[in-house]
Amino acid sequence: MKSKRFFSVLLFAATALCGLVSCKSEYEAILASNNADLKYQAAFQLFDKGSYQKAAQVFESLSMLTSGTDRDDTVQYYWGLCNYRQKDYFTAETNFQNFITNFPRSPFAESATFLRLDCLYKGTNRYELDQKPTYAAITAISEYMIENPDNPHMAVCNRMLEDLNERLDRKAFENAKLYYRMEDYKAARVALVNVLREDADNLYREDVLYYTAMSSYNYARMSVPAKRKERYMVFVDDYYNYIGEYPDTKRAKELEKIFDKVKDNETSAR
């Protein structure tokens, strides 16, 4: 009885293991197959189920079988779309770039072109990090908008550009402001002035002008007495620059109090 029971348990385990192996082998068999029809059907079944990683592998394998056929562009497009859906934007961007080069007249060309831009956009970094991907995305999106003024994605492209440019503007401002946080007020003012010198339309213009004035004030305040009057005059110029553009802000009132204090100090020093 014991031997029969042991044999039954062993047979059950073997059957279960065989089932697992066969399931795994079915997918591997599809990948290894040279049957293009079988692979094509399986790839789309996986895609429709949302199994994008497996589908991408089948489409990649299938691409060698369908190269030069009527299915070539469809397979290449969905290969990229699988990578896009699983948020592998780096690989998907390469897929779509190759697709655009190889199939410029395909019905999928317009979609692939926009999805490539979206990959570039989604592959950018936060403003604190390297902005080379941001510059690359801005260039690609801008060129697309110029070359395709009637494209159906114009509104989305504009939103992308707004976000990417805001990121660059903030990075420039925050990098300059870092000197202010370090209390290196002389370097802070130089860096902040350069921000607007390089881009007068920086979205953080008000912040830049405010911290420029505060930098010149603090630099003068901490100077030796013999240098203060000359350096306070720099603050006065920066103060007028700020209130000339933003006269009704809380910061304008704050700077006005500092300005009045500077005038009182100059009067009492005479």
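Quick caveat: nothing in here was measured; it's all calculated off a predicted structure.

The rules behind the values
Residues numbered from 1 in each chain as written. Predicted model: local features only at pLDDT ≥ 70, side-chain atom pairs only at ≥ 80, totals over all residues. Heavy atoms only, no water. Core = buried A, V, L, I, M, F, W, Y, C linked by side-chain atoms within 4.5 Å. Buried < 20%, exposed > 50% of the residue type's maximum accessible area, 1.4 Å probe, protein only. Helix = DSSP H or I, 4+ residues; strand = E, 2+ residues; numbered from the N terminus. Contact = heavy atoms within 4.5 Å. pLDDT = per-residue confidence, 0-100. Expected span 1.5 Å × (residues − 1). Salt bridge = Lys/Arg side-chain N within 4 Å of Asp/Glu carboxyl O.

**Describing the nonpolar core**
Core analysis: the biggest nonpolar cluster contains 28 residues, and Phe235, Leu255 and Ile258 have the highest contact counts within it. It is helix H10 (residues 205–221) that contributes the most residues to this core, eight residues altogether. Leave out the neighbours within four places in its chain, and Leu255 touches Tyr210, Ala213, Met214, Phe235, Tyr239 and Tyr242. Phe47, Leu62, Tyr77 and Ala112 belong to the second largest nonpolar core, which has 27 residues in total.

**Observations regarding the confidence of the model for the protein chain**
Of all residues in the protein chain, 89% have pLDDT values of 70 or greater, and the mean over the chain is 90. A low-confidence stretch, residues 1–23 (pLDDT under 50), is modelled with zero contacts involving residues beyond four sequence positions or located in other chains.

**Considering helix H3 (residues 52–66)**
With 15 residues, H3 ought to run about 21 Å at 1.5 Å a step, and its terminal C-alpha atoms sit 20 Å apart, in line with that. Buried within H3 are the following residues: Ala55, Ala56, Val58, Phe59, Ser61, Leu62, Ser63 and Thr66. Downstream of H3 by a residue or two, Gly68 has a phi angle that is positive, lying close to 85°.

**Some points on the pattern of salt bridges**
Within this structure, the stated rule accounts for 11 salt bridges. Ionic pairing is found between Glu174 and Arg170, a salt bridge with its closest N-O pair at 3.6 Å. With a gap of four residues between them, Glu174 and Arg170 both fall in helix H8 (residues 154–181), about one helical turn apart. With relative accessibility at 14%, the residue Glu174 sits in the buried group. Among the residues examined, Arg170 registers a relative accessible area of 30% and is labelled partly exposed. The salt bridge partner of Arg251 is Asp207, with a shortest N-O separation of 3.0 Å. Placement of the pair is Arg251 in helix H12 (residues 250–269) and Asp207 in helix H10, with a sequence separation of 44 residues. With relative accessibility at 21%, the residue Arg251 sits in the partly exposed group. A single salt-bridge network, built from bridges that share partners, covers Arg170, Glu174 and Arg181.

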